[in-house]
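Structure assessment
Residue-level listing of the chains:
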Amino acid sequence: MSKSKPEAYPDVSDILARKKANRRDLARLSFGEKIALVEALRERLAPLKRAREAKRVAKLRQD
Amino acid sequence: MGMKQTLEVISAMEAAGVIGRYAISGAVAAFNYVEAAVTQDLDILISFNEALTQGSSGLLSLSPIYSYLKSKGYEEHRKEGIVIGGWPVQFLPVADALDTEALFQAQEIEVKFGVVEGTVKTRVLRPEHLVAIALKVGRPKDLIRVTQFVEEGVVDMAVLCDVLDRHNLSTTWRQYCARVGIEDPCS
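What you see is a predicted model; the values in this text were computed from it and never measured.

What follows is about the overall build of chain A. A count of helical and extended segments in chain A gives two helices and zero strands. What you see for chain A is a C-alpha radius of gyration of 22 Å, clearly larger than the 11 Å of a compact globule of 63 residues, by over 25%. Overall size of chain A, expressed as C-alpha extent along the three principal axes, is 60 × 45 × 15 Å. The buried share of chain A, taken over its 63 residues, is 10%.

Residue and element names in this part refer to chain B. Alternating positions in strand β7 (residues 87–93) separate cleanly, Trp87, Val89, Phe91 and Pro93 being buried on one face and Pro88, Gln90 and Leu92 remaining unburied on the opposite face. In the sheet, strand β2 (residues 42–46) pairs with β7 via five bridges, with the strands oriented parallel. For Ile46, the partnering residue across the bridge sits in β7 and is Pro93. Summarising the sheet, strand β6 (residues 81–84) and β7 pair through three bridges and their orientation is antiparallel. Within β7, the position partnered with Ile82 by the bridge is Val89. Two successive antiparallel strands, β6 and β7, enclose a turn made up of two residues, where Gly85 displays a positive phi of approximately 60 degrees.

Next up on the list: unusual backbone geometry. All names here are of chain B. Despite not being glycine, Asn168 has its phi angle at roughly 55 degrees, a positive value. Within the fold, Asn168 resides in the loop between α7 (157–166) and α8 (170–180). Judged by C-beta crowding, with 11 C-beta atoms within 10 Å, Asn168 ranks as exposed.

Moving on: the domain arrangement of chain B. All names here are of chain B. If you check the domain split of chain B, you get domain 1 (3–124) and domain 2 (127–180). Between domain 1 and domain 2, the C-alpha centre-to-centre distance is 23 Å. Between domain 1 and domain 2, the residue contacts involve 10 residues of the former and 12 residues of the latter. Contributions of two or more residues to the side of domain 1 that touches domain 2 are made by α2 (26–30) and α4 (97–104). Broken down by element, the residue count for the side of domain 1 that touches domain 2 peaks at four residues, all from α4.

On the chain A side, the residues contacting the 14 residues of chain B number 14 residues. Taken together, the residues of the side of chain B that touches chain A break down into eight nonpolar, three polar and three charged.

Another aspect to go through is the pairing of strand β8 (residues 107–112) of chain B. Residue and element names in this part refer to chain B. Pairing of β8 with strand β9 (residues 119–124), which is carried by six bridges, proceeds in the antiparallel orientation. Its bridge partner lying in β9, Glu110 is registered against Lys121. Counting the residues in the hairpin turn of β8 and β9 gives six residues, including Gly114, whose phi is positive at 130 degrees.

Attention now moves to the packing of helix α5 (residues 127–137) of chain B against helix α6 (residues 140–151) of chain B. To describe two helices that pack against each other, one gives the angle between their axes and the distance between the axes. Residues and elements named next belong to chain B. Two numbers describe how α5 lies on α6: the axes approach to 8 Å, and their chain directions differ by 150 degrees. Compared by their axis directions, α5 and α6 come out roughly antiparallel. When the axes of α5 and α6 are compared, the crossing they make is left-handed. Residues Pro127, Leu130, Val131, Ala134, Leu135 and Val137 of α5 form the contact with α6, whose participating residues are Asp142, Arg145, Val146 and Phe149.

Residue and element names in this part refer to chain B. Here Leu98 is to be found in helix α4. C-alpha separation for the pair Leu98 and Phe149, spaced 51 residues apart in sequence, amounts to 18 Å. Those residues within four positions of Leu98 in sequence are excluded, and the remaining contacts are Ala132, Ile133, Lys136 and His167.

Below, the discussion takes up α4 of chain B. Residue and element names in this part refer to chain B. Buried residues of α4: Leu98, Asp99, Ala102 and Leu103, and no others. Each buried residue of α4 sits inside an arc of 130 degrees when the element is viewed along its axis, so together they form one side. For α4, the exposed residues set more than 90 degrees away from the buried face come down to Ala97 and Phe104.

Once that is clear, we can look at the confidence of the model for chain B. Residue and element names in this part refer to chain B. When pLDDT is averaged along chain B, the result is 92; 95% of the residues meet or exceed 70. Of all helices and strands in chain B, the one with the weakest mean pLDDT is strand β3 (residues 53–54) (62), whereas strand β1 (residues 22–25) scores best (98). Here the complex is predicted with pTM 0.87, and the ipTM for its interfaces comes to 0.82.

Definitions and limits used
- Residues numbered from 1 in each chain as written.
- Chains lettered and ligands numbered in written order.
- Predicted model: local features only at pLDDT ≥ 70, side-chain atom pairs only at ≥ 80, totals over all residues.
- Helix = DSSP H or I, 4+ residues; strand = E, 2+ residues; numbered from the N terminus.
- Rg over C-alpha atoms; globule rule 2.2 N^0.38 Å.
- Buried ≥ 20, exposed ≤ 12 C-beta atoms within 10 Å, placed from the backbone.
- Pairing = 2+ DSSP bridges.
- Domains from an automatic or database assignment.
- Contact = placed C-beta atoms within 7 Å.
- Nonpolar A, V, L, I, M, F, W, Y, C, P; charged D, E, K, R; others polar.
- Axes fitted to C-alpha atoms, helices over the stretch in contact; angles between N-to-C directions.
- Parallel < 35°, antiparallel > 145°, perpendicular 65-115°, else oblique.
- Left-handed = near helix turned anticlockwise from the far one by under 90°.
- Arc of directions from axis to C-beta.
- pLDDT = per-residue confidence, 0-100.

Written as structure tokens, this is what we have:
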């Protein structure tokens, strides 16, 4: 019986460190900048939200 | 249309005596201290005033708020809020001693919306009160917020421990610490 080689996983620590730094930068934005950011995100997410709602209503009608 | 308009309308309501003192609570208040997360509504903590207490029963009614907003053209309701400046706003009257303390100790801030839009003065709850309220409410998303505040080091632990102690939340806090695996800084 042959021994399988241990799986080699890539080192993602730099990715995680960048994500952490990015989160820290986002936290440092001013209150007004954060509100603007969230308002922009809400606009971008609106079509997804509408689609989700339409799906939910269609499912309710089906049931 | 946007949060600037929302806050201007709410400040005008306070000035007109439609609501008593107010402060931003919930997820939007958290923006003042930690990384912003998408939220659908704006929670506004309000104090009782005579306008909101109707009849001899002393029961609280939010209808004066809705009547005022209707007279200003704000009639759309979305989720549990009334839409002002594109944001569904939930007016939450203080419900206990913790809310009352949080509202009266809320800090005044000036929000800069940009060169064109200018600034708006408003109030937001302090981080220690936001953590205590989130802990009291205790939904998974509230506990995530508590973790964010703790991890980002934006709460004064001595102040938080005092708030938790005075509002009988120490046990809930200890349970939270055990659940997330952090040493209780209040013990």
